[in-house]
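Close look at the chain arrangement
So the chains spell out like this:
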Amino acid sequence: MTNQIQIFDTTLRDGEQVPGCKLNTIQKIEIARALEELGVDVIEAGFPISSPGDFEAVRRVANAVRRPTVCGLSRAIEKDIKTAAESLEGAVRPRIHTGIGVSEMHIRYKLQTTPEDILYRAAAAVKYAKSFVEDVEFYAEDAGRADNEFLARVLEAAIKAGATVLNIPDTTGYCLPEQYGAKIKYLYENVRGIEKAILATHCHNDLGLATANSISGVIGGARQVECTINGIGERAGNTSLEEVVMILRQHPDLGYTTGINTRLLNPISHLVSEKMGVVVQPNKAIVGANAFAHSSGIHQDGVIKKRETYEIIDPLEVGVDHSKIVLTARSGRAALAYRAKCLGYNLTKDELDAVYTNFLVVADRKKEVGDEDLVEIMKFRNWEIEQEKTAHATVS
Ligand code: KIV
Ligand code: ZN
């Protein structure tokens, strides 16, 4: 089995399902081009039957990018599949992503049908999609909560009908990493014909486990990870692309690689955040504003001496210029001297002691002491030292 993990980006489809974050066609094309440059293998551009606007967006994205596969979502319904096929006509590598619910919850309550009907509809949808494109991905919606034996039967039917990728969504973000990994392993070992297709993870973040579950799925045998930039998506979001890519990179012992140019992770995170109008939480791994910021004295002292004492990733590797030493009331002299030096002030020990006292007064008043504050504080440095000298002279 190959150890190259396919990165399937669904920022433009599942990611765009964030309420109020609809992208227009121009924005979708801009993000798709950035995804191509980033090195993703598949771009899920939208759900073409959902609206004429989305159809047009998928059509334009399919024509705008050349290297990645472009994928359109459809339900297991002929008119959805046909519309997806039409929207992908200009793609160099088109893929139709079709599927149906497979958990008891979905079969009984949402689809109000029987397991036998699901088997039939799954196979029929893949077969119909195959009449348009060679590359057909089948999704088994709510696979995370589905019975593994039944899930295996559905996947066998999809493979027989020609599916090239089998997507195992944890649609509700319910699984624990161990359970999800075991599910993928079970399918890898028990689905007849599995060698004709690859398994894909598609995890949601309702319990904050999407990334952990995706990695567990890879270890269990999945070779495609479905994810979004900034982990954006409906409810608590999808698996975050940047987290998965950097976990695989930072753990070469696992033995997996991706085709992602990690130096573009921060630029694309900013692009998606700006276009969607969704602020990235500051403590977000890899791309949050504080991901490489240090504010406590103990950490700052370590990082100034050797960055790796408190950082496992070189910020340059993910497109961040440098680590940040943030000055707060928790900062120590080492950080103050460092930041002052960055601004051109080389402080002697006496100067540093004097300035540090002033600094703490300002820091206690403010959440963060910025460069402008520091410049102001520095104005007092000579005065403070002079004062200390005078006091000393008077006493002696
Ligand atoms: O979460 C999910 O089940 C999905 C499918 C439609 C692929 O997004
Ligand atoms: Zn999803």
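What this report covers is the structure whose coordinates are included nearby. (Residues numbered from 1 in each chain as written. Chains lettered and ligands numbered in written order. Predicted model: local features only at pLDDT ≥ 70, side-chain atom pairs only at ≥ 80, totals over all residues. Heavy atoms only, no water.)

1. Structural notes on the packing of helix 8 (residues 210-220) against helix 9 (residues 241-250)
Angle between the axes and distance between the axes are the two parameters that describe a pair of packed helices. In plain terms, the rule: Interaxial angle, 0 to 180 degrees, is taken between N-to-C directions of lines fitted to C-alpha atoms, where a helix line uses only the stretch in contact. Runs of H or I in DSSP of at least four residues are treated as helices and runs of E of at least two as strands, each being numbered from the N terminus. We call two directions roughly parallel when the angle between them is under 35 degrees, roughly antiparallel when it is over 145, roughly perpendicular when it lies between 65 and 115, and oblique otherwise. By definition, any crossing whose near helix is turned counterclockwise from its far helix by less than a right angle is left-handed, and any crossing with a clockwise turn is right-handed. Note on contacts: a residue pair qualifies if any of its non-hydrogen atoms lie within 4.5 Å across the two residues. Put simply, Ala, Val, Leu, Ile, Met, Phe, Trp, Tyr, Cys and Pro go in the nonpolar bin, Asp, Glu, Lys and Arg in the charged bin, and everything else, Gly too, in the polar bin.
Their axes nearest at 10 Å, the elements helix 8 and helix 9 cross at an angle of 50°. By the angle between their directions, the pair helix 8 and helix 9 is classed as oblique. Crossing geometry of helix 8 relative to helix 9 is assigned as right-handed. Contacts between helix 8 and helix 9 involve Thr 211, Ser 214 and Ile 215 from the former and Glu 243, Val 244, Ile 247 and Leu 248 from the latter. Residues belonging to the contact of helix 8 with helix 9 are distributed by class as follows: four nonpolar, two polar and one charged.

2. Some details on the coordination of the zinc ion (ligand 2)
Each donor-metal-donor angle in an ideal tetrahedron of four donors is 109.5 degrees, and each such angle in an ideal octahedron of six donors is either 90 or 180 degrees. This is how it is decided: Only nitrogen, oxygen and sulfur atoms count as donors, using a 2.8 Å cut-off from the metal that widens to 3.2 Å for Na, K and Ca. Water is left out, so coordination shells may look unfilled. Here's how the labels work: a residue is buried when its accessible area is under 20% of the maximum for its type, exposed when over 50%, partly exposed in between, all with a 1.4 Å probe on protein chains only.
Distances from the zinc ion (ligand 2) to its protein donors, Asp 14 (OD), His 202 (NE2) and His 204 (NE2), fall within 2.0 to 2.1 Å. Taken in chain order, the donor set of the zinc ion (ligand 2) reads D-x187-H-x1-H. Of this pair, Asp 14 sits in the loop between strand 1 (6-9) and helix 1 (25-38) while His 204 is found in the loop between strand 7 (198-203) and helix 8, placing the two residues 190 residues apart along the sequence. Exposure remark for Asp 14: the relative accessible area of 3% places this residue in the buried category. Look at His 204 and you get buried, because its relative accessible area is 5%.

3. Let's talk about helix 6 (residues 148-161)
Going by this rule: Given the number of residues in a helix, its expected span is that number minus one, multiplied by 1.5 Å. Pairing of N or O atoms within 3.5 Å defines a polar contact, subject to two protein rules: one partner must be a possible hydrogen donor and the other a possible acceptor, and residues neighboring in sequence count only if both atoms are side-chain atoms.
End to end, helix 6 covers 20 Å across 14 residues, agreeing with the expected 20 Å (1.5 Å per residue, within 8%). The element helix 6 is largely enclosed, with a buried count of 10 among its 14 residues. Packed against the buried residues of helix 6 are helix 4 (104-110), helix 5 (115-130), strand 5 (135-141), strand 6 (165-170), helix 7 (177-190) and strand 7. Of the residues that open helix 6, the one with a side-chain oxygen 3.3 Å from the backbone nitrogen of Glu 149 is Asp 147. Phi turns positive one or two residues past the end of helix 6, at Gly 162, with a value near 115°.

4. Topic: the side chain of Ser 269
If you trace the backbone, Ser 269 turns up in helix 10 (residues 265-276). Here Ser 269 falls in the buried class, since its relative accessible area comes to 1%. Here Ser 269 is in contact with Ile 229, Asn 230, Val 280 and Val 287, once residues within four sequence places are set aside.

5. Remarks on the state of the cysteines
Put simply, the rule reads: The rule for a disulfide is simple: a pair of cysteine sulfur atoms within 2.5 Å.
Here the structure, examined in full by the defined rule, presents zero disulfides. Here Cys 203 is not disulfide-linked; the sulfur of Cys 175 is the nearest cysteine sulfur, at 7.5 Å. Looking at Cys 203, the relative accessible area reads 0%, which means it is buried. Here Cys 227 stays free of any disulfide, with the sulfur of Cys 203 as its closest cysteine sulfur at 10 Å. With relative accessibility at 0%, the residue Cys 227 sits in the buried group.

6. A few points about the site of ligand 1
Note the threshold: We call a residue near a molecule or strand as soon as one heavy atom of that residue lies within 4 Å of the molecule or strand. Each accessible area is a Shrake-Rupley result for a 1.4 Å probe, and residues are judged covered by the shown protein chains and nothing else.
Looking at ligand 1, the residues that line it are Arg 13, Asp 14, His 97, Tyr 139, Glu 141, Asn 167, Pro 169, Thr 171, His 202 and His 204. One of the side-chain N or O atoms of Arg 13 is found 3.0 Å from an oxygen atom in ligand 1. The contact in question runs from an oxygen atom of ligand 1 to an N or O atom on the side chain of His 204, over 3.0 Å. Coverage of ligand 1 by the protein chains reaches 92% of its 260 Å² of free accessible surface. Of all the secondary structure elements, the ones that give two or more residues to the shell around ligand 1 are strand 5 and strand 6. The residue makeup of the shell around ligand 1, split by class, is two nonpolar, five polar and three charged.

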